[in-house]
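Examining the three-dimensional arrangement
Residues per chain are reported as follows:
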Amino acid sequence: MNQEWNGEQKIAYFYLTQQGEKLAKKLSDTLPGTLFGKEEFKKNMVEAFQNFDGLVCIMAAGIVVRTLASCLVHKSKDPAVVVMDQKGQYAISLISGHLGGANELAGKLAEISGGEPVITTATDVEKRISFDVFAKKHHLAIENIDNLKYISNQVVEGRRVDVICEKDYDIFNKQICRVKEPGDYPLVVIDEKKKVESQSPVLYLRPKTIAVGVGCKRGMEAEPIKEALKTVLEEEEISPLCVKSIATIGLKADEPGIQELAEEYQVPLLIVEDEKIAELDFEKLGIAQSGFVKNTTGLPSVSTSCAYLTSETGQIIRDKAKFKGITIALAK
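The rules behind these values
Residues numbered from 1 in each chain as written. Predicted model: local features only at pLDDT ≥ 70, side-chain atom pairs only at ≥ 80, totals over all residues. Heavy atoms only, no water. Core = buried A, V, L, I, M, F, W, Y, C linked by side-chain atoms within 4.5 Å. Buried < 20%, exposed > 50% of the residue type's maximum accessible area, 1.4 Å probe, protein only. Helix = DSSP H or I, 4+ residues; strand = E, 2+ residues; numbered from the N terminus. Axes fitted to C-alpha atoms, helices over the stretch in contact; angles between N-to-C directions. Parallel < 35°, antiparallel > 145°, perpendicular 65-115°, else oblique. Left-handed = near helix turned anticlockwise from the far one by under 90°. Contact = heavy atoms within 4.5 Å. Nonpolar A, V, L, I, M, F, W, Y, C, P; charged D, E, K, R; others polar. Expected span 1.5 Å × (residues − 1). Arc of directions from axis to C-beta.

**Digging into the nonpolar core**
- By size, the foremost hydrophobic cluster in this structure holds 23 residues, and its most contacted members are Val212, Val214, Ile225, Leu229, Ile246, Ile328 and Leu330.
- Counting only elements with at least two residues in this core, the list comes to β12 (210-216), α8 (222-235), β13 (243-249), α9 (256-265) and β16 (326-331).

The structure is reproduced here in structure tokens:
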């Protein structure tokens, strides 16, 4: 869910009393949202659980638990749910404290109401690092979230956790140790592709660093494009979770297959201007050029140029990989 609660998220406020309504309006004035009263209460709350980023329930916690129990899926998918009393004395982070952002939301709501946030997640209580919060802060995708509990338990108990990564994060201390190879301790790996053999639990956090450039012939269906990208990622041993964007040129912006690819990966589809591509020094960058592509699009390169430019002129990992009617390129 990855919420920062900056006013852009969808928040639903639920209340059952007049005083609760007054508080809901006060909260919504600062943190805008949709208000729901008693009418069709259960139906509205269940629907909001599916369609909103956060639910603020001004009522007894038991009512919320009984209403939403059957809706719960997984902490990586459920929205934030915060329960408040009608006086605004307490804002209780009830569901999705970390990944859904309920802990943060509770803090903001308590600040508005003049109350106190109630946070019960162990890492927060012990004031220790939580790797799901860390992942959210640093735009890392959690590949195997079921292993998070082993890492979190190790941290809460004050025991050592090793981390393998290239970047020098500000998390290392006597308990969180940066290493080059796995040892005897639970391990967190922050890398686009690295897999390790370890007898201890391993948590993989995948950086969102890979820009994908796509070119295709007119009317190409989505499945071959998806399969082409999957093949390239597998060949480069890069996790699909590392894809941060799909890019193409304006001539291909309306291709349903490319649009569906971006939807599949839940990343933005970026359109690169022809002028920016034309300005590139292809020989210096080592980007392969194509006479056929130039005759068709007016540009000597589509996929690699798009990947490179949308990676903020980073490192080209894979110059165009050719498939039938499709080209795929990767840049980091």
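Still more ground to cover, so stick around.
**Observations concerning the packing of α8 against α9**
- As a packed pair, α8 and α9 sit with axes 8 Å apart at the nearest point and diverge in direction by 55°. On the basis of the axis angle, α8 is oblique to α9. With respect to the hand of their crossing, α8 and α9 are arranged in right-handed fashion. In contact with Ala222, Glu223, Ile225, Lys226, Leu229, Lys230 and Leu233 of α8, α9 contributes Gly257, Ile258, Glu260, Leu261, Glu264 and Tyr265.
- Grouping the constituent residues of the contact of α8 with α9 by class yields seven nonpolar, one polar and five charged.

**Brief notes about helix α1 (residues 18-30)**
- The terminal C-alpha atoms of α1, which comprises 13 residues, lie 19 Å apart, in line with the 18 Å expected from a rise of 1.5 Å per residue.
- Where α1 is concerned, the buried positions are Gly20, Leu23, Ala24, Leu27 and Ser28. The arc enclosing the buried residues of α1, seen along the axis, measures out at 135°, which places them on a common side. Of the residues in α1, the exposed ones pointing more than 90 degrees away from the buried face are Gln18, Lys22 and Asp29.
- On the buried face of α1, the contacting elements are β1 (11-15), β2 (34-36), β3 (54-58), β4 (80-84) and α4 (102-113).

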